[in-house]
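Listed below, chain by chain, are the residues.
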Amino acid sequence: HSLTNHLPGALERDEFFLEYQPLIRMLDGRVDGAEALVRWRHPVHGRLGPDRFIPLAEHTGLIVPLGRWVLEQAVEQAYFWQRGLVEGDSAGAGREPLRVNVNLSPRQLHHPDLVPDTIAVLEAAGVSPESLCLEVTESALIGADEDELKPLRQLAELGVDIALDDFGTGYSNLANLRRLPATTLKLDRSFTQGLQQHPADPLDVTFVGGIVSLAHALGLRVTVEGVETEAQAQQLRELDCDTAQGWYYARPASPESIPAYWSPSD
Ligand code: G
Ligand code: G
Ligand code: MN
Ligand code: NA
């Protein structure tokens, strides 16, 4: 099987690349950061999305060096955005708050070098911990004991933002939220879909509103995924969501596409 055969050497052959999807602040419509999403330029099959190879990389262990590569690239990219060093960005420096989100797989989460590697990558790039958000799925943390949560807690204490990705899809245990070192909830796009109808599904409105209230009461920020229409964006703003991500704002694209969202053209 050619995916299986080609994957181990793909990192050395420089076949991976990252796209970035902006996270938009609901308050002012400006970019808050961007999520790095890995793609594989496969010599035979062409461009492959992460669904095609992340599970395989996770299974074979390649996810550890691949994940480190993603982290290095994304953190370096944050440095370039913050300093205004991206081609076509005429506004110059002074974008310190612009963050980058990186997805962590369960295997990376449990790797003993996660904390020292992350610190080393940030220091090498000259990027503050506050500029990085690590996204972990809720399911990867289900049943984790205090020892297993310690690396994430250490990173959070350093200032790294920790987001619970795809929130609401797993066996969400709301009581569990209190003991997780998370700073942000990323509400799964399945909940955003119910807000698309006119009028929006009242159950979905209640659900999202309730999650936002609970999250805010726990000191967590809420990012909504999969925003595809103006009506959804409006509804989610009214429900007090903090940031949003989705095709309505932007599809994942090259790193050069991001600075345009710093000052929305309206
Ligand atoms: O690219 P796309 O938007 O189709 O992303 C699909 C999924 O792939 C996302 O939900 C994300 O969790 C996962 N993904 C994307 N990039 C990475 C990565 O660098 N590492 C890991 N572990 N998962 C990723
Ligand atoms: O980490 P996560 O699995 O959430 O990655 C986001 C995934 O969702 C990516 O595959 C991305 O391409 C996809 N995505 C981003 N915005 C939208 C959207 O507005 N609608 C839909 N259907 N998918 C989206
Ligand atoms: Mn994600
Ligand atoms: Na997600």
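You'll find the structure just up there.
Model, not experiment: these values are computed from the prediction.

**Student:** Please give an account of the overall build of the protein that cites residues and values.
**Tutor:** Each helix and strand in the protein was counted, giving eleven helices and nine strands. Here the C-alpha radius of gyration of the protein, 18 Å, is about what a compact globule of 266 residues would show, namely 18 Å. Principal axes of the C-alpha set define a box for the protein whose edges measure 50 × 50 × 40 Å. Relative to its full complement of 266 residues, the protein shows a buried share of 38%.

**Student:** Account for helix α3 (residues 63-82), naming residues and giving values.
**Tutor:** The end-to-end C-alpha distance of α3, which contains 20 residues, comes to 28 Å, matching closely the 28 Å that a straight helix rising 1.5 Å per residue would cover. Among all positions of α3, only Ile63, Leu66, Gly67, Val70, Leu71, Gln73, Ala74, Val75, Gln77, Ala78, Trp81 and Gln82 are buried. Remark: Gly84 follows α3 within two positions and exhibits a positive phi of approximately 65 degrees.

**Student:** Summarise the site of ligand 1; cite the residues concerned and give the values.
**Tutor:** Every residue close to ligand 1 is listed here: Leu37, Val38, Gly49, Pro50, Asp51, Ile54, Gly67, Val70, Asn103, Ser105 and Pro252. Of all the elements in the fold, those that place two or more residues in the shell around ligand 1 are β2 (31-42), α2 (50-60) and α3. Of all the elements, α2 adds the most residues to the shell around ligand 1, at three residues. Residue composition of the shell around ligand 1, grouped by class: six nonpolar, four polar and one charged.

**Student:** Tell me about unusual backbone geometry, and name the residues and values.
**Tutor:** Here Asp14, not a glycine, exhibits a phi torsion of approximately 60 degrees, which is positive. Looking at where Asp14 falls in the secondary structure, it is placed in the loop between α1 (2-10) and β1 (16-25). At Asp240, a residue that is not glycine, the phi angle is positive and equals roughly 75 degrees. Along the polypeptide, Asp240 turns up in the loop between α11 (230-238) and β9 (243-244).

**Student:** How would you summarise the site of ligand 2 if you had to cite specific residues and measurements?
**Tutor:** Among the 14 residues in the neighbourhood of ligand 2, the closest are listed as Asp165, Gly226, Glu228, Gly246 and Trp247. Taken together, the residues that form the shell around ligand 2 break down as four nonpolar, five polar and five charged.

**Student:** I'd like a rundown of the environment of Phe16, residues and numbers included.
**Tutor:** Structurally, the position occupied by Phe16 is in strand β1. Residues Phe16 and Pro106 lie 90 residues apart in sequence; the distance between their C-alpha atoms is 20 Å. Discounting residues that sit within four places of it in the chain, Phe16 has contacts with Ala10, Leu11, Val38, Arg39, Trp40, Leu66 and Trp69.

**Student:** Outline the packing of α3 against helix α5 (residues 114-125), supporting the account with residue identities and numerical values.
**Tutor:** Interhelical geometry of α3 versus α5 gives an angle of 30 degrees and a closest axis separation of 9 Å. For the pair α3 and α5, the sense of crossing is right-handed. Residues Arg68, Leu71, Glu72, Val75, Glu76 and Tyr79 of α3 pack against Asp117, Thr118, Val121, Leu122 and Ala125 of α5.

**Student:** Now, about the nonpolar core: what can you tell me, with residues and values included?
**Tutor:** One finds Ala74, Val75, Val102, Leu132, Leu134 and Leu236 to be the most contacted residues of the largest nonpolar core, which totals 63 residues. In terms of residue count, the dominant contributor to this core is α3 (eight residues).

**Student:** With reference to specific residues and values, describe the pairing of β1.
**Tutor:** Of the pairings in the sheet, the one linking β1 to β2 comprises nine bridges and is antiparallel in character. Across the sheet, the residue bridging to Gln21 is Glu35, located in β2. Joining the antiparallel neighbours β1 and β2 is a turn of five residues, in which Gly29 adopts a positive phi near 75 degrees. The sheet contact formed by β1 and β9 spans two bridges and is antiparallel. Looking across to β9, one finds that Arg25 is bridged to Thr243.

Analysis parameters
- Residues numbered from 1 in each chain as written.
- Chains lettered and ligands numbered in written order.
- Predicted model: local features only at pLDDT ≥ 70, side-chain atom pairs only at ≥ 80, totals over all residues.
- Helix = DSSP H or I, 4+ residues; strand = E, 2+ residues; numbered from the N terminus.
- Rg over C-alpha atoms; globule rule 2.2 N^0.38 Å.
- Buried ≥ 20, exposed ≤ 12 C-beta atoms within 10 Å, placed from the backbone.
- Expected span 1.5 Å × (residues − 1).
- Near = placed C-beta within 6 Å.
- Nonpolar A, V, L, I, M, F, W, Y, C, P; charged D, E, K, R; others polar.
- Contact = placed C-beta atoms within 7 Å.
- Axes fitted to C-alpha atoms, helices over the stretch in contact; angles between N-to-C directions.
- Left-handed = near helix turned anticlockwise from the far one by under 90°.
- Core = buried A, V, L, I, M, F, W, Y, C linked by C-beta atoms within 7 Å.
- Pairing = 2+ DSSP bridges.

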